[in-house]
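Now for the letters of each chain:
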Amino acid sequence: MFAAIEIFQTAFLALCLSRLLDLVNTVFPMSSRGSAPSKEYISKIISCIQEEIEAVQFDSHLTLLVLREIGKVLQLLAERAEYQISTGAEARQMAGPATGSQLKNFSLCQLLQEIHTRISSLIASLPPQASELLSPSLGSISGVAHESVTPLFQAMLELLKSCILQIHEQNFGVMGMDAMDNNASPYMEELQKSILHFRSEFLSRLLPSFASSVSTGTETICTALARDMASKLRMARDMAELELAVGQNLFPVEQLGASYRALRAFRPVIFLETSQLEASPLLQDLPPSVILYHLYSRGPDELQSPMQRNKLTPLQYSLWLETQGEDQIWKGIKATLDDYAALVRSRGDKEFSPVYPIMLRLGSLILVNASMLQIT
């Protein structure tokens, strides 16, 4: 009798899988790489999945078996959608309006997120095993959705980074003479234009179903030299403009967490006297390396930054920073401090710049924190 029931059960599950596969093959033909499917087709797939679940809800064991088949269908759907993603230069371009390839990728992203959201909602009332069964396939759906727009967002981040890195080409001493005007620095104006273009041409087509944050580039800002009050005012205004541009066009800055707090904290830090820095509560929101880089701007010319010491371009050093932890960054900074100390001693001088002992103490804190992390 059990054998007979198993035959019917196998046949039932095969029919269930066949019905859903037919829909996926209709929406995403194996040999075709055309336009993204319509919302109506996606809604039909979701409705059929819902019907298959509702048909077996009276039997918990059969429900799990059907969900296992649905997982196979969702996995296939993710694979077919991945095949449809447009790649290449046209999918990454940032200069003009959104291309056909980019619009197609946007549609795929939104449709896949719709599937993920609605299927997750469907199984929310089912036993926990249901979520466990569909978790891998839903993860694949989400992964492909992000993959469809990742190249564009990477291109955007590269463009914004190139704008921010132009800070190293700005002469804040000269520009600071006109610090009472209401204009941002040239590099910041270019950054604002790029953000506005990205918002109007690309991000607006994905919101509210997709949102992404942009790194504020605090470390890069800290390495620019700003020595007098006028140039400090100019830099503070640039940071305010950066906060405004991101908040109005990309993402609520209050939700950016540590990056936002660091940017807000650094603005008043640049106006503190060197002797006030170590005791300031503002340092709690700033990574030690950020303060260390800022201190280079307060030190003598012979105290070179790691970028200068290693003869790297701003882009090369920025890429290196992104891959390093605080302890590794400190090693590079410590090497420049050692060079500076050796130079001072070779001249027979007995006094160091006031920033030198502060930087050493901040560096020791980095080593202590790294040791504590290793212990835990």
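Residues numbered from 1 in each chain as written. Predicted model: local features only at pLDDT ≥ 70, side-chain atom pairs only at ≥ 80, totals over all residues. Heavy atoms only, no water.

## Observations regarding the overall build of the protein chain
Keep this limit in mind: Where helices and strands are cited, they refer to DSSP runs of H or I of at least four residues and of E of at least two residues respectively, numbered from the N terminus. The cut-offs for exposure are 20% and 50% of the maximum accessible area for each residue type, with area from a 1.4 Å probe on protein chains only; residues under the lower value are buried, those over the upper are exposed, and the others partly exposed. In this analysis, two residues are considered to be in contact whenever any of their non-hydrogen atoms come within 4.5 Å of each other.
When helices and strands are tallied, the protein chain shows 16 helices and zero strands. Within the span of the protein chain, comprising 376 residues, buried residues form 44% of the whole. In the protein chain, the proportion of contacts linking residues at least 24 apart, taken out of those at least 6 apart, comes to 77%.

## So, the nonpolar core
Operational definition: The definition of a nonpolar core used throughout is a set of buried Ala, Val, Leu, Ile, Met, Phe, Trp, Tyr and Cys residues joined through side-chain atoms within 4.5 Å.
Of all hydrophobic cores here, the largest spans 105 residues; its most connected members are I70, F198, I333 and M359. Here this core gets 14 residues from one element, more than from any other, and that element is helix α6 (residues 128-165). Once you skip the residues sitting within four places of it in the chain, F198 turns out to touch M94, L152, F153, M156, L203 and L250.

## Things to note about the packing of α6 against helix α8 (residues 186-206)
Where we set the bar: Angles run from 0 to 180 degrees between N-to-C directions of axes, and those axes are lines fitted to C-alpha atoms, restricted for helices to the stretch in contact. Comment on the angle field: the value is read as roughly parallel under 35 degrees, roughly antiparallel over 145, roughly perpendicular from 65 to 115, and oblique elsewhere. Left-handed describes a crossing in which the near helix is turned anticlockwise from the far one by less than a right angle; the clockwise case is right-handed. Classes in brief: Ala, Val, Leu, Ile, Met, Phe, Trp, Tyr, Cys and Pro nonpolar; Asp, Glu, Lys and Arg charged; the others, Gly included, polar.
One can describe the packing of α6 onto α8 by two numbers: an axis separation of 9 Å at closest approach and a directional angle of 165°. Compared by their axis directions, α6 and α8 come out roughly antiparallel. Of the two possible hands of crossing, α6 and α8 adopt the one that is left-handed. Contact residues: V149, L152, F153, M156, L159, L160, C163 and I164 in α6; Y187, E190, L191, S194, I195, F198, F202, L203 and L206 in α8. Along the lines of polarity and charge, the residues of the contact of α6 with α8 split into 15 nonpolar, one polar and one charged.

## Details of helix α3 (residues 60-84)
Definition in use: A helix is expected to span 1.5 Å multiplied by its residue count minus one. In protein, a polar contact requires one atom able to donate a hydrogen and another able to accept it; more generally it is a pair of N or O atoms within 3.5 Å, and residues adjacent in sequence count only if both atoms are side-chain atoms.
If you check α3, its first and last C-alpha atoms are 36 Å apart, about what 25 residues at 1.5 Å a residue would give, namely 36 Å. One side-chain oxygen at the N-terminal end of α3 lies 2.9 Å from the backbone nitrogen of H61; it belongs to D59.

## Digging into the environment of K39
The residue K39 is located in helix α2 (residues 39-55) in this model. The exposure class of K39 is exposed, given its relative accessible area of 62%. Between the C-alpha atoms of K39 and S107, which are 68 residues apart in sequence, the distance is 9.2 Å.

## Some thoughts on the environment of A155
Mapped onto the elements, A155 comes out in helix α6. When its relative accessible area of 8% is taken as the criterion, A155 is described as buried. The spacing of A155 and M94 is 61 residues in sequence and 7.2 Å in space, taken between C-alpha atoms. Apart from the residues lying within four places of it in its own chain, the contact partners of A155 are R92 and M94.

## Some thoughts on the pattern of salt bridges
Definition in use: Salt bridges are defined as contacts in which a side-chain nitrogen from Lys or Arg sits within 4 Å of a carboxyl oxygen from Asp or Glu.
In total, this model carries 13 salt bridges according to the counting rule given. E158 is the salt-bridge partner of R92, the closest N and O atoms lying 3.1 Å from each other. Of this pair, R92 sits in helix α4 (residues 89-92) while E158 sits in helix α6, placing them 66 residues apart in sequence. Judged by relative accessible area, R92 falls into the partly exposed class, the value being 31%. On the accessibility criterion, E158 (47% relative accessible area) is partly exposed.

## Quick look at the environment of K331
Relative to the elements of secondary structure, K331 occurs in helix α15 (residues 326-346). A relative accessible area of 54% means that K331 is categorised as exposed. Here the alpha-carbon distance between K331 and L367, two residues 36 residues apart in the chain, equals 9.8 Å.

## Focus: the packing of α2 against helix α5 (residues 100-123)
Running from amino to carboxyl end, α2 crosses α5 at an angle of 20°, the nearest separation of the two axes being 11 Å. For the element pair α2 / α5, the angle class is roughly parallel. Between α2 and α5 the crossing geometry is right-handed. Listed contacts from α5 to K39, I42, S43, I46, I49 and Q50 of α2 are L111, E114, I115, R118, I119 and L122. When the residues that make up the contact of α2 with α5 are grouped by side-chain class, the tally is seven nonpolar, two polar and three charged.

## A few points about the side chain of S137
Along the chain, S137 turns up in helix α6. Beyond its immediate sequence surroundings of up to four residues, S137 is in contact with G71, L74 and Q75.

## A word on the confidence of the model for the protein chain
Keep this limit in mind: pLDDT expresses, on a scale from 0 to 100, how confident the predictor is about each individual residue.
Residue-level pLDDT values for the protein chain average 81, and 85% of them are 70 or greater. Here helix α9 (residues 218-222) stands out as the least confident element of the protein chain, with mean pLDDT 48; α15 is the most confident, with 91. Across residues 208-219, confidence stays below pLDDT 50; counting only partners more than four residues off in sequence or on other chains, it has 29 contacts. Across residues 221-227 the pLDDT falls below 50, and counting only partners more than four positions away or on other chains, this stretch makes 30 contacts in the model.

## Structural notes on the side chain of S101
Tracing the sequence through the fold places S101 in helix α5. What makes S101 buried here is its relative accessible area of 15%. The contacts of S101, once residues within four sequence positions are left out, are S86 and E90.

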